[in-house]
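One-letter residues, chain by chain:
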Amino acid sequence: MKRRLGFVLALLAVVGLLVTPLTLPVYAAEQGKPVETIYLTIRTNEEAAISDVAKGGANGGLDVFLYPISGKEFKNLPKDILDKLRLIRSVGGEVAIQINPVHDDDNPYTVTVGDKVYFNPFAIKEVRFALNYLINRQYIVSNIFGGSAQPMYGCVRPSTGAGIYFEPVYKALGFTPTGDLAKAQQMVEEAMKKAAEELKKEGHKLELKTGEDGKKWWYFDGEPVTVKFVIRVEDERKDIGLYVADLIEKYLHFKVEKLLWNAQKAIPAVYYKDPKNFEWQLYTAGWIITSNVKWPDWQTAAFYSTIWGKQPAAVGWSYTPETTVKDLVDYFGGPEKLIDALGLKYYNTPEKLKELYDMNIDPIVEMINYGETTFNNKTYVLEEGNVDQYWDLQKISMAQGIMDGLVVFIAEQWEYFAVNKERVTRIAADVSAGLYSWWMWRGLETVDGVAYVAEFSQGGSIYTNAMNPIGGGGDIYGNMVMRAISDPATYVNPATGDVMPGRCTFKVERGPFTIPKNAIVYNSTLKKWVPQHAGEKAKVRVTYTCKFGKWHDGTPMTMEDIKAAIAFSYEWSYKDGDNDPYYDEAMGASTRTLEQTLGFVFVNPTTYIVYSNITHPVADDQIAGNNAWWATVPWYLRHAMEELVANPQKYGVTNNYTFTQAEGPRWLDLLVKDHVEDLKKVIEKLIEEKDVPWYLQGEITPDEAVKAYKSLLDFINKHGHAYDSNGPFYLDKYDPDKMLMVFKRFSGNPIPPDYWKKTLLIARLVPKGAEVPARVMAGKPLTVKVMLTLKEEFPDWGEKPADRGYVTVSIVDANGNEVYSGEAKLTTAGTFELNVPGDETKGWSTGKYTAIIRGGLSKEVTSFTIKKTFVVIKPTTTSPQQTTTSTPQQTSSPTATGTSPTETTTKGGICGPAILVGLAVLPLLLRRRDN
Ligand SMILES: [Ca+2]
């Protein structure tokens with residue numbers, strides 16, 4: 001009964017009603033067992049899946065539906081179904097319009113396909129940018145998401161702790177939830193007129209005229225300008241796409257060809273084919289954030305820049321970011337205006353700002369992500385510990401990204417995963433991403449130790465990308481499979497967003513350090529390990545100590561597996577000679593990471609040290625996360641894969657393979673029968689030749705190698721696939737015809753099944769309300785009171801008045817200047833208070849002020865923000881009101897009850913340091929919503 005109440009409250013919060021939350025005691029979970037067997041399958045219908053969850057896994061139904069559903073969908077469900085569900089919130093989904101700005105090299109407006117010349121309006125920056133004003137995000141939030149969402153303008157979600165830092169950018173650009181149609185029309189009209197004039201010089205005719213239907217349309221060389229808009233059909237994106245298409249036709253006068261496609265058709269066309277094919281111009285993109293991180297380091301880089309790969313697709317033509325800092329300055333009307341509009345605190349004078357003038361977004365995000373950039377032969381540094389500079393660069397990159405407009409963000413979604421309440425006795429969810437996280441599998445307990453889980457798929461497959469840990473797993477479903485069968489070196493704490501130890505603990509030291517002679521890196525040209533940077537300086541030194549355990553085939557994991565992962569990254573990122581078979585262009589995009597990794601010292605069988613310049617201005621834990629190296633496949637499987645990709649003929653294989661999707665060769669998939677058969681041919685030959693990879697010469701004997709290859713062959717023959725990994729579960733069986741995967745608990749994993757429930761607390765602070773007097777007399781004290789509930793989700797479930805937390809209050813005046821800030825302290829359970837002394841308020845001038853209240857479980861973790869306005873008045877002789885008025889506003893309306901900090905992002909199956917550094921963080925943290 002009490003849990004039922006919890007559900008109702010959650011639902012109300014979703015539809016945006018204000019309620020007084022009741023307090024529920026925290027319950028210890030009912031008797032259950034850590035899961036030993038997991039059946040993973042698919043459902044093709046959301047409603048049917050939910051009633052299956054109500055039925056429960058033991059009765060032919062499901063225990064967990066691993067697909068979040070909009071809050072509004074639950075409203076219409078019958079009570080007997082709802083009673084059986086526990087709903088787990090996810091704010092991980094985000095929706096955007098992805099744009100293809102392709103144009104010919106010699107013409108900024110046209111694209112030639114075959115011998116036909118098309119006009120692409122989205123090649124024009126101003127037209128892309130104008131979509132931000134054209135779209136009424138509030139309409140989408142209210143009418144399409146039924147309130148289970150909130151508007152989003154840039155790539156950092158507003159409900160994250162970092163969201164608030166970007167508000168000045170959106171404000172400066174004049175973004176509002178409802179948009180500005182007139183402005184959008186004007187921007188496009190001006191840009192089109194300019195294009196028409198320029199095209200005229202080249203003999204083209206671009207004109208706005210009345211068509212046969214009596215409506216006005218743009219025509220190019222006599223044909224209507226038509227926009228190819230790929231609209232996903234599986235979810236709300238269908239309605240969003242149709243809505244945006246209507247706006248484009250009605251107000252921008254471009255005809256829209258609506259391509260209503262599912263994931264199987266849309267994803268390859270948009271992301272894995274040359275944009276120059278001009279198969280699409282707009283696409284209703286969706287992403288899922290699968291982790292909760294404090295610092296949005298990677299966001300603007302991943303979504304808007306080209307430092308980690310091409311845009312908008314992984315292959316073919318790529319756009320070059322256009323907007324420079326000087327463009328921003330001009331747009332805002334001068335450096336002072338830009339400094340003021342964005343609230344820059346480090347680049348706060350025209351002189352300081354000037355050094356960035358010629359930079360587009362790429363060097364800016366390089367500074368954010370790598371601490372420095374070399375631009376026009378000069379090095380620019382993000383100063384260690386300089387948070388102001390960090391946020392300035394973040395804001396600048398956000399403004400540049402939005403104005404270039406390759407991705408126009410629309411909304412973040414609030415959704416719920418359904419879990420059977422009776423059978424699932426314990427489950428761990430990320431406070432931001434819900435069950436789309438590593439923790440889903442690691443905290444799972446059911447009454448009988450068996451879990452029946454389904455993903456949602458209209459395309460009829462459990463995953464859509466290839467299953468290989470190098471350049472596959474770009475879809476959330478395949479990624480979740482990888483998270484069940486692989487362990488990472490470090491995790492992101494699901495409650496706080498901090499990087500925390502996984503299979504490796506870490507110690508971070510900030511230097512500078514002189515790199516010792518025994519610190520080596522792998523040199524792919526020399527094909528050996530060398531002390532390449534000995535004697536140079538490194539900014540940080542991180543020591544990792546790892547628990548190795550065994551691989552799923554039974555072979556012990558060792559430091560050699562990590563060495564192989566490191567060597568592999570160098571080898572495949574660098575092209576050594578013209579015909580280097582050990583090279584992948586997509587991986588080559590991230591050599592920057594390797595250049596900043598200066599040396600490894602392998603201290604003993606479980607400890608290694610990294611000397612590196614990959615740093616973070618503030619957060620040591622981020623440094624640990626970003627410098628960790630790890631392996632999720634053993635060296636012998638990795639080597640067999642690389643030989644299959646590099647030299648198939650040598651092993652009698654007639655098919656060609658790649659790690660990352662490309663047109664032509666097969667995208668290596670360790671679960672696909674044909675691929676595995678070819679892989680086996682390689683392994684058999686490696687056994688015959690007693691092959692030891694060149695980067696492990698002297699570390700492993702030929703006999704040890706043969707034994708390992710044989711063990712892998714046995715594993716493949718026994719389980720019918722080649723995904724040999726090191727996670728808490730192994731994939732026992734995969735039957736693609738039945739859409740069924742069976743996972744079994746792996747006894748060789750060094751982390752015991754009950755480890756996380758003993759060590760991990762997942763909880764969040766939920767605001768119940770805040771009291772700020774409506775009027776404050778200058779010179780009198782001001783008390784801000786915040787009422788908070790602690791919502792525990794793991795290991796137990798329930799709510800209680802918050803007895804911990806970190807709450808800050810910032811008072812800003814009408815101009816946005818902070819006049820006071822302080823910490824609200826816990827007074828009694830559930831209540832935090834801050835007293836601003838009269839001495840402080842004395843200097844405040846009369847007018848409107850805002851108290852911005854932020855809080856989280858620990859310092860620097862924001863899980864909610866509340867804003868309350870009040871008025872400051874001055875005592876005057878004519879006013880009888882000498883005492884503080886106290887009309888507390890009881891109805892608090894948190895601007896975002898959503899959670900927390902930000903997430904590390906990379907998109908697609910390639911790219912980013914994730915794939916390299918991330919051999920540790922590998923399954924990338926941001927996933928496209930492919931189904
Ligand atoms: Ca190479």
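Here the residue numbers are simple positions, counted from 1 along each chain's written sequence. Selection of residues for local features in this predicted model requires a pLDDT of at least 70, selection of side-chain atom pairs for listing and counting requires 80 or more, and totals for whole chains, interfaces and linings are taken over all residues.

Going by what an unreviewed UniProt entry lists, the protein chain is known as Solute-binding protein family 5 domain-containing protein and is assigned to Pyrococcus abyssi.

### Comments concerning the overall build of the protein chain
A run of DSSP states H or I qualifies as a helix once it reaches four residues; a run of E qualifies as a strand once it reaches two. Both are numbered from the N-terminal end. Across its full length, the protein chain holds 28 helices and 41 strands. When the 931 residues of the protein chain are sorted by exposure, 54% land in the buried category. Considering only intrachain contacts with a sequence separation of at least 6, the fraction spanning at least 24 residues in the protein chain is 72%. Labels follow a simple rule on C-beta atoms placed from the backbone: if 20 or more others lie within 10 Å of a residue's own, it is buried; if 12 or fewer, it is exposed; otherwise it is partly exposed. Our contact criterion uses C-beta atoms placed from the backbone: two residues qualify when those atoms are within 7 Å.

### Brief notes about the UniProt feature "coiled-coil region" (unreviewed entry) in the protein chain
Under the UniProt annotation, the feature "coiled-coil region" (unreviewed entry) is placed at residues 181–209. This span, residues 181–209, is 72% helix and 14% strand, and a straight line between its end C-alpha atoms measures 20 Å. UniProt positions are given in the numbering used here, feature names are shortened, and annotations may be inferred rather than shown by experiment.

### Some details on the environment of lysine 55
Note on placement: lysine 55 falls in helix H2 (residues 46–55). A residue is classified by how many C-beta atoms lie within 10 Å of it, and lysine 55, with 18 of them, is partly exposed. Between the C-alpha atoms of lysine 55 and glutamate 422, which are 367 residues apart in sequence, the distance is 9.9 Å. Contact partners of lysine 55, with chain neighbours within four places excluded, come to Gly60 and Gly61.

### A word on the pairing of strand S8 (residues 206–210)
Strand pairing is defined by DSSP finding a minimum of two bridges between the two strands. For S8 and strand S9 (residues 216–220), the ladder comprises 5 bridges, and the chain directions are antiparallel. Across the sheet, the residue bridging to threonine 210 is lysine 216, located in S9. Between S8 and S9, which pair antiparallel in sequence order, lie 5 residues; one of them, glycine 214, sits at a positive phi of approximately 80 degrees.

### Things to note about the nonpolar core
Note on terminology: a nonpolar core is any set of buried Ala, Val, Leu, Ile, Met, Phe, Trp, Tyr and Cys residues joined through C-beta atoms within 7 Å. Of all hydrophobic cores here, the largest spans 268 residues; its most connected members are Phe65, Ile410 and Val784. Here the element with the most residues in this core is strand S16 (residues 407–420); it accounts for 10 residues.

### With respect to the sheet that holds strand S17 (residues 424–426)
If you trace the 3 strands from one edge of the open sheet to the other, you get S1-S18-S17, paired in antiparallel fashion. A strand with exactly one partner marks an edge of an open sheet, and here the two such strands are strand S1 (33–34) and S17. In the sheet, S1 pairs with strand S18 (residues 445–446) via 2 bridges, with the strands oriented antiparallel. Residue pairing in the sheet places proline 34 in a bridge with glutamate 445 of S18.

### Examining the pairing of strand S32 (residues 762–771)
Burial of S32 is extensive: 9 of the 10 residues sit out of reach of the surface. Judged from the 9 bridges that link them, S32 and strand S34 (residues 782–794) form a sheet pairing that is antiparallel. Bridge pairing in S34 links proline 767 to leucine 788.

### So, the packing of helix H12 (residues 325–332) against helix H13 (residues 335–342)
Viewed as axis vectors pointing N to C, H12 and H13 meet at an angle of 90 degrees, and their least axial separation amounts to 7 Å. By the angle class used here, H12 and H13 are roughly perpendicular. Contact with H12, carried on its side by Leu328, Val329 and Phe332, involves Pro335, Lys337, Leu338 and Ala341 of H13 and no other residues of that element. In this classification, the charged set is Asp, Glu, Lys and Arg, the nonpolar set is Ala, Val, Leu, Ile, Met, Phe, Trp, Tyr, Cys and Pro, and all remaining amino acids, among them Gly, are polar. Taken together, the residues of the contact of H12 with H13 break down into 6 nonpolar, no polar and 1 charged. Lines are fitted to the C-alpha atoms to define the axes, a helix being fitted only along its stretch in contact, and any angle between axes, read from their N-to-C directions, falls within 0 to 180 degrees. Oblique is the label for any angle not under 35 degrees, not over 145, and not in the 65 to 115 range, which are roughly parallel, roughly antiparallel and roughly perpendicular in turn.

### Notes on the environment of valine 95
Within the element layout of this structure, valine 95 appears in strand S4 (residues 85–99). You can call valine 95 buried: it has 26 C-beta atoms within 10 Å. Considering only alpha carbons, one finds valine 95 and glycine 286, 191 residues apart in sequence, at a separation of 4.5 Å. When residues no more than four places from it in sequence are discounted, the contact partners of valine 95 are Arg237, Ile240, Thr284, Gly286, Ile410, Ala411 and Gln413.

### Digging into the sheet that holds strand S26 (residues 597–604)
The 4 strands are arranged S22-S25-S27-S26 in an open sheet whose pairing can be described as antiparallel. Of all the strands in the sheet, the pair left with one neighbour each is strand S22 (504–514) and S26. Geometrically, the sheet is characterised by an average inter-axis angle of 20 degrees between neighbouring strands, direction not taken into account. Where strand S25 (residues 537–546) meets strand S27 (residues 607–612), 6 bridges bridge the pair, whose relative direction is antiparallel. Of the residues in S27, the one forming a bridge with threonine 543 is isoleucine 609.

### So, H13
Buried within H13 are the following residues: Pro335, Leu338, Ile339 and Leu342. The buried residues of H13 occupy an angular sector of 100 degrees when the element is viewed end-on, so they sit on one face. After H13 finishes, the residue glycine 343 shows a positive phi value of roughly 65 degrees. This arc is built from the directions going out from the helix axis to the C-beta atoms.

### Re unusual backbone geometry
Residue glutamine 311 is joined to proline 312 through a cis peptide bond whose omega torsion reads 0 degrees. Note the cis peptide between glycine 511 and proline 512, where omega equals 10 degrees. If you trace the backbone, proline 512 turns up in strand S22. In the Ramachandran plot, aspartate 221 falls in the positive-phi region, its phi being about 50 degrees despite a non-glycine side chain. Positionally, aspartate 221 belongs in the loop between S9 and strand S10 (223–224). The backbone of methionine 739 shows a phi angle near 55 degrees, a positive value even though the residue is not glycine. Assignment of secondary structure puts methionine 739 in the loop between strand S30 (729–735) and strand S31 (740–745).

### What about helix H18 (residues 476–485)?
The buried fraction of H18 amounts to 10 of the 10 residues, a majority that puts the element mostly inside the structure. Within H18, burial applies to Ile476, Tyr477, Gly478, Asn479, Met480, Val481, Met482, Arg483, Ala484 and Ile485.

### A closer look at the confidence of the model for the protein chain
Predicted coordinates in areas of low pLDDT are best not read in detail. Overall, the prediction assigns the protein chain a mean pLDDT of 88, with 90% of residues at 70 or greater. Values of pLDDT, the confidence the predictor places in each residue, fall between 0 and 100. In the model, residues 1–26 has pLDDT below 50 throughout and makes 43 contacts with residues more than four positions away in sequence or in other chains. Scored below 50 in pLDDT, residues 877–931 makes 206 contacts in the model with residues more than four places away or belonging to other chains.

### What to know about the environment of phenylalanine 864
Mapped onto the secondary structure, phenylalanine 864 falls in strand S40 (residues 864–873). Considered as a pair, phenylalanine 864 and proline 767 are 97 residues apart in the sequence and their alpha carbons are 7.2 Å apart.

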